[in-house]
Each structure stands twice: as structure tokens, then as C-alpha cells.
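A structural walkthrough
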Amino acid sequence: MWYPDWPLRRPDAPPDNPAQAVGEDNRVLAINALAANAGIRHGMRRGEAEAICPTVFTIASDPAIEAVRFEPVAQAIEELIPTIELAAPGLVFAPIAGAVKYYGGEAALVNLVAKEIDSVAGPGFKIGLAAGPFAAQRAAELAAPVYIVEDDASFLASLDVAALGSEELAATFRWLGITTLGALAELPRDALTTRFGPLGTQAHRLARGLDRAPQSRVIPPDLDVEERFSPPLENLEQAAFISRAMAHRLVSELRSHGAAPHRVEVAAEAADGTMRVRTWRNRDPFDEASLSERVRWQLCAWLDSARFRSGPGIRGGVVRLRIAPADVSDRGRQLALTQDARSVAEAERAFIQTQAIVGLDGVVQARPKGGRTPGDRVAWYRWGEPPPEVGDDAPWPGRIPDPTPTLVPAEAPVLEVEWDAGMPTRVRLGSRWVEVISWAGPWRDIGRWWEGIGPCDRYQLVTSAGAFLCEVREGKAYLAGVYD
Amino acid sequence: MVAQIWTAFEPATAGDTGVELDNLLHLEPGRIIGLVGHPGFGLTRVGLSLLAAQAGRNSIAYLDVRGWLCPVAAWESGVDPDQLVIVRCNDPVRWGRALTALLEGVGWIYAEIPRGVKEAQLRRIASLVRSRRSSLILRPVQGDLPSGVAFLRLQAREVEWEGTAAGHGRLTIRSISFTASGKATRGMSRQIDLEDNGTDALRVVSGLAVAPPGRAAG
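Summary of the structure given here. Everything quoted here is computed from the prediction, not taken from an experiment.

1. Notes on the pattern of salt bridges
Residues and elements named next belong to chain A.
- In the structure shown here, the tally under the stated rule is 38 salt bridges over all chains.
- As a salt-bridge pair, Glu416 and Arg428 come within 3.9 Å of each other at their nearest N and O atoms. Taken together, the positions of Glu416 in the loop between strand E13 (378-382) and strand E14 (417-420) and Arg428 in strand E15 (residues 423-429) put the pair 12 residues apart, joining distant regions of the chain.
- Close ionic contact of Arg448 with Glu451 constitutes a salt bridge, the shortest N to O distance being 3.0 Å.
- Taking relative accessible area as the criterion, Arg448 reaches 39% and is therefore assigned partly exposed.
- Among the charged side chains, a salt-bridge network with shared partners connects Glu226, Arg228, Glu269 and Arg320.

2. With respect to the packing of helix H3 (residues 63-80) of chain A against helix H5 (residues 106-121) of chain A
Residues and elements named next belong to chain A.
- Here H3 crosses H5 at 155°, and the two axes come no closer than 9 Å. It follows from the interaxial angle that H3 and H5 lie roughly antiparallel. Here H3 and H5 pass one another in a crossing that is right-handed. Residues Pro72, Val73, Ala76, Ile77 and Leu80 of H3 touch H5, and the partners they reach there are Leu112, Val113, Glu116, Ile117, Val120 and Ala121.
- Per-class residue counts for the contact of H3 with H5 are 10 nonpolar, no polar and one charged.

3. Side note on the nonpolar core
- Of all hydrophobic cores here, the largest spans 54 residues; its most connected members are Ile81, Val318 and Leu321 of chain A.
- When residues of this core are assigned to their parent elements, the largest contribution, seven residues, is made by H3 of chain A.
- Ignoring any residue separated from it by four or fewer positions in sequence, one finds Ile81 of chain A in contact with Ala94, Pro95, Ile96, Ala99, Leu109 and Val113 of chain A.
- One finds Leu27, Ile33, Leu43 and Ile176 of chain B within the second-largest nonpolar core, a separate group that totals 44 residues.

4. Some words on unusual backbone geometry
- Residue Asp402 of chain A is joined to Pro403 of chain A through a cis peptide bond whose omega torsion reads 0°.
- Here the phi dihedral of Glu474 of chain A falls at roughly 50°; this positive angle occurs in a residue that is not glycine.
- Position of Glu474 of chain A among the secondary structure elements: in the loop between strand E18 (466-473) and strand E19 (476-483).
- For Arg133 of chain B, which is not glycine, the phi dihedral falls at a positive 60°.
- Tracing the backbone through its elements, the reader meets Arg133 of chain B in the loop between helix H5 (119-132) and strand E5 (135-140).

5. Considerations on the interface of chain B and chain A
- Counting from both sides, the interface comprises 53 residues of chain B and, opposite them, 51 residues of chain A.
- On the chain B side of the contact with chain A, Trp68, Arg88 and Leu171 of chain B bury the most area, a combined 15% of that side's loss.
- With a shortest N-O distance of 2.7 Å, Asp82 of chain B and Arg367 of chain A are connected by a salt bridge.
- Across the contact surface, chain B and chain A share 23 residue pairs in polar contact (both at pLDDT 80 or more).

What counts, and at which threshold
Residues numbered from 1 in each chain as written. Chains lettered and ligands numbered in written order. Predicted model: local features only at pLDDT ≥ 70, side-chain atom pairs only at ≥ 80, totals over all residues. Heavy atoms only, no water. Salt bridge = Lys/Arg side-chain N within 4 Å of Asp/Glu carboxyl O. Helix = DSSP H or I, 4+ residues; strand = E, 2+ residues; numbered from the N terminus. Buried < 20%, exposed > 50% of the residue type's maximum accessible area, 1.4 Å probe, protein only. Axes fitted to C-alpha atoms, helices over the stretch in contact; angles between N-to-C directions. Parallel < 35°, antiparallel > 145°, perpendicular 65-115°, else oblique. Left-handed = near helix turned anticlockwise from the far one by under 90°. Contact = heavy atoms within 4.5 Å. Nonpolar A, V, L, I, M, F, W, Y, C, P; charged D, E, K, R; others polar. Core = buried A, V, L, I, M, F, W, Y, C linked by side-chain atoms within 4.5 Å. Buried area = accessible area lost by both parts, 1.4 Å probe. Polar contact = N/O pair within 3.5 Å; in protein donor to acceptor, adjacent residues only side chain to side chain.

Set out below in C-alpha cells:
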């Protein structure tokens, strides 16, 4: 069951304009009917979509809020089909074999589900029925609003290779003359594996309607992670911390067995004893970041729906939370040869605990990027989050030469410097003046006058107490760095 | 780039060898190196070079009290960007808890010490370092370390730079003079001179003379 425009179902999305929602990768996640008519498609880059339809209104997707809003829809489906799996806000998978028997057929079940979700969230949904999740999702994409696949093999055979979800792979297949999944399925699997590696094997399996490779590792039991809370967990920020810590424990434990989860069951017990359970699935193995996001979204959805009485939710806070792998594969993360899984897991656990003490913004990493000053040459990001995509292949005239000062104040404090005919003679360090023994510079930066940033000169000053990077702007000197 | 440390001197007293000095400037599991001195003497770069040389591909945590550490300098010292994790905390109580948490899982740590941390806490941390077999560098932002906390205490005494003149050139080579003391030097004070070209090389140029008493630093 899929609401293609779920990220757009929010008050600030214009109903009478073409509108699109984009993800963190700046690709189109959702479009409304007007945008679809204009030629915008899911997966397009934002720039490409805006070139096709310059008047399209673009919104940044916020999965946490979308998950909270989708919770009533998920609960409505759960009333009819007990075991549902969320792939993303707006996209639900459900094994229906039992429900079909109970409700007397596929058509009857589909009608019931359609009526139920329409009453909760309105029209705009699509429902695809097939033997496997990949085929069901492709059917939902074509549904208007329902598509029941009689035979997965023949349905998939007619689909374009773009249905695999990888532009690059699809382009290569087309270049080789393979344009449909049927043509792909007829090729020998070994040939695809030799040419494309695991991606080729996966593509072949999908084309034949075999969604995932059977897991070949024996996974020890009792890999659930559980936490109890006293007082009950009600705070959304606490939920974020807990989600990350528990996701890390589960993934690390599975990783040490060389396995990774594709489906995870999140179960929460309320203070009054009520249990809420939800399964989340992912096409690729969950890592700590993606799993902790799902757990956080789910906790927020349950806590919010109870708070605003939009659904049963979790009333009175969470007293027990359990995360259990429901399905694993042997695609655990590959470590470098010089790392061992246990050390990496221990270090990550230590950083998570440290984050809980100093806050998420208190544990950071950095990547090099281009710039003139030491501060400009650093792209900061929180530990545990993906690093920013930055490059440094541009020349930077006027850049301070190496070595870089080890200590760079976030806001450069004023530095008292005495000058004689433009040459620095003394510097005040603390309560005493020290003589400038030698110096180099200035390295002139003309600034960005169009942004109100004036020019400045940078000097390296050497004293008996060490060397300092001094910046002079509008006649005033500042401490820009300490060579410590 | 990995920091290289080598010796180039003659023994000043019988029985001393270059190997001893190499072993002196070595971060051993379960031991603390203390760096004492004002910002500007090159202590941060010394600490980062030692960590880069010995941590391998393992994570390195830098507990940054002032929030001033520039990672570019760490990368120049040989630390990989993916290795370095910076923890910012200047509150003495949370600092102690954060360092304790780090010691439970991270084997290579450089920790600035904020004002207000009690001696008893530092001794507890020293005990934890020994039991966890971590390698820790401690650097008070002000003042000194209590005696006995650091296995090796390096106090900066003098620093000189080459490469700059009256408005010409640029900083190139730094010479730093330290007094080494602690159990690592068997209770004697020794003078160590290091040369640092600011990037990947840390060179011990002499280190066997016993430091004369009463000489002021910087």
C-alpha cells in the first residue's frame, strides 16, 4: 500500500500548484498529480525536475514528521492485517495469505483495506498485490488505484530495467541490449555475477521475482536488545538517544556474527501494560543510522499519537522497548584488515555514551575541504552521521601556508599588537607583553565586499612563547590561530 | 603520513642509549603522558604525532575543552580524518564522565583538562587507564598535573621557530625543549629537544642531559 505523495501531505504544500518533495540526496521523492502531468518523475534530480517544470514548488522531506502523520494509516491497516511492515512513511508491505483466507479473497481484502485507509487519509493511495514484495511494489506503482498481479514472472518480464531502481545499472543493461526484466531473467546468473558482482546477482534475482538471497549463515538466537525505563520514556529527545544506542547494540552484535538485519521488529510496552509492535523493513541491510532513524520515527509516532489522541499510541510513556531482528542476511559490513569487529563496536559504544553526556553536537568529526583559512578548510559533522560530500580541487590564492595552527578559536579574540611602521614589535599574551622575534606576511585576503566582508591581512608572529597567526581587519588585530 | 621519531645524539652518561629515548616517547597501553605548558609551545602537535604514530587505524578521541582544535593540524600530523573524533566539553563534571565513557571503549585519547577538575578525579582516571590498558595524553589548560598521575610528564621550556624574518618567508621548523620527568625517567629530570617541521616529522635531537634546576620556561 503506497501513498506516492505522502511527503507532500502537509499544510505548506500548495494544492493548486505542481509540487514535489525531495530527499537529502536532492532527488524527487514525491510528486502531486500536477507535477506528474508536467513530466516530473520519482527519482529525478531536483534540478532536472525544476528544469522540466520551473513553477514546481519544492519541499524538503521530513521523514520523522511523515512517520508520525502516517501512524494512523498504519494502525488502520493493522486492524485488518495484523503483521504489516513499514518500508518508509507512506509505504507499507503486508503478507496477506492469512488475511485473504479470513476475508474471503483478494478482492474482498483489497476493498476493505482501501475503504479503511481512505477513511483515515483520503484518496491518492495505490495498492499492489503480488507473490513477492518487489513485484508488489512495482504493481503499486502502476496501480490505478489497485493492481493485482496474477503471475509474478510474466508481470516482471514486461517491466523496463529501470524498475531495478539503479540508473547506472539500467543504463549499462540498455547499452548491452537488455531493456526488460524478462530479458535479464533469461541470462545466466553466473554471467551477470561475473560481469557485475553482487549487484548483478541481486538484479537477476529481482527480475525472476526472487526478492532476496536466502541467508546462508546460522544466526544465533537471542539477539534482541531491550531497555526498561523508569520513569517511563516520554521525551522525544530521549527517544532519539535511546534509538541510536539500541540500534547500535543490535547492529554491532549482528555484525560480530557477520550478519545484518533487513527486517526489524520494534516493540514498546506502555505504563498500563499495552504493547505496540511494528516491523520495519529495508531493501538493503539496516545500518546503525537507518535503523536508529526507524526506531526513533516509530517511538515519536506512538508517543505523539497518544499525546494528540489521534490513535492508540503509547499512553503514559514507554516502560520497555525491544528491538529484534526479524530477518537477517550475511551482508554484514566489511571491516578494514587492520580493524577488528570488537574494537570497533566498543569504540562506537563509547562514543554513543559520550554523546548522551555531552549532547549530539558535542561529538563531532571533520572532513577536509577547500578554503583559505584553517577554519574554512574544515567541514564539520556530527559523529554517527554521514560525512558531507566535499572536495578540495580548487586553487586558493592567498591561502595560509602550512603548517596549520593547531588551535583555531571559533571566534577570533582581539589580540593587542604594537606596530612600528607597519611591522609588529610586541604582542600582549595574557598580562604581559612579549617581543615579536620574527614574522612573516602579510597574506592578503581581499574579502567578499558584495557580502559585506572586508579585506584582511594575516601574519605569522614568532615570540619566545610560541608562534601565532594574527589577522588584521579594519585596523584591529585578532588571534586567528596558535601554533601549538 | 606517520610521525617519525628518531634520535641523533651521543650518550652523555654511561649506560644511556638512544633506544631508551625512543622508548621514553612512546605511548604505552595503560600509561598516561602528561603535557604541561602554555599554548604556543607545540604540545598539541607532539601529542597528536604520538597518537598518529601508534594508534594505527584505530579511533582517536580528542577531548577538546576550549573548542579550538583545528583538525587540519591533526591530519598534517598523520591522523586520518575518519579516525579522529572530537568531543567538546568544558564542564569539569561532565568532562570526567565523558572521559570515563571514552576510556571504556577508545584506546587512544588526548584529553585537555578544564579548570576545576579535582586531583582525586584525575587519580581515578589514571586507575581506569591502567585497568583498561588505554593510552591517554593529558594536557591541563591551566596549571600542572598532580605528581604521580602521569607516567611521563613533559613540561615545555623553550620554543624557537625557523623560516620567518622581517616580513619574509614562513614558519618551517620548530625546536622545542622539554623537561621530562616521572616514573618513565626513573625519578630524574631529563631535558629533551624535539624538532618539528609542522607536518609529519617529529625529531628528537638531544635528550640525555639532566635539566639544570630553576631554569624558567618560555
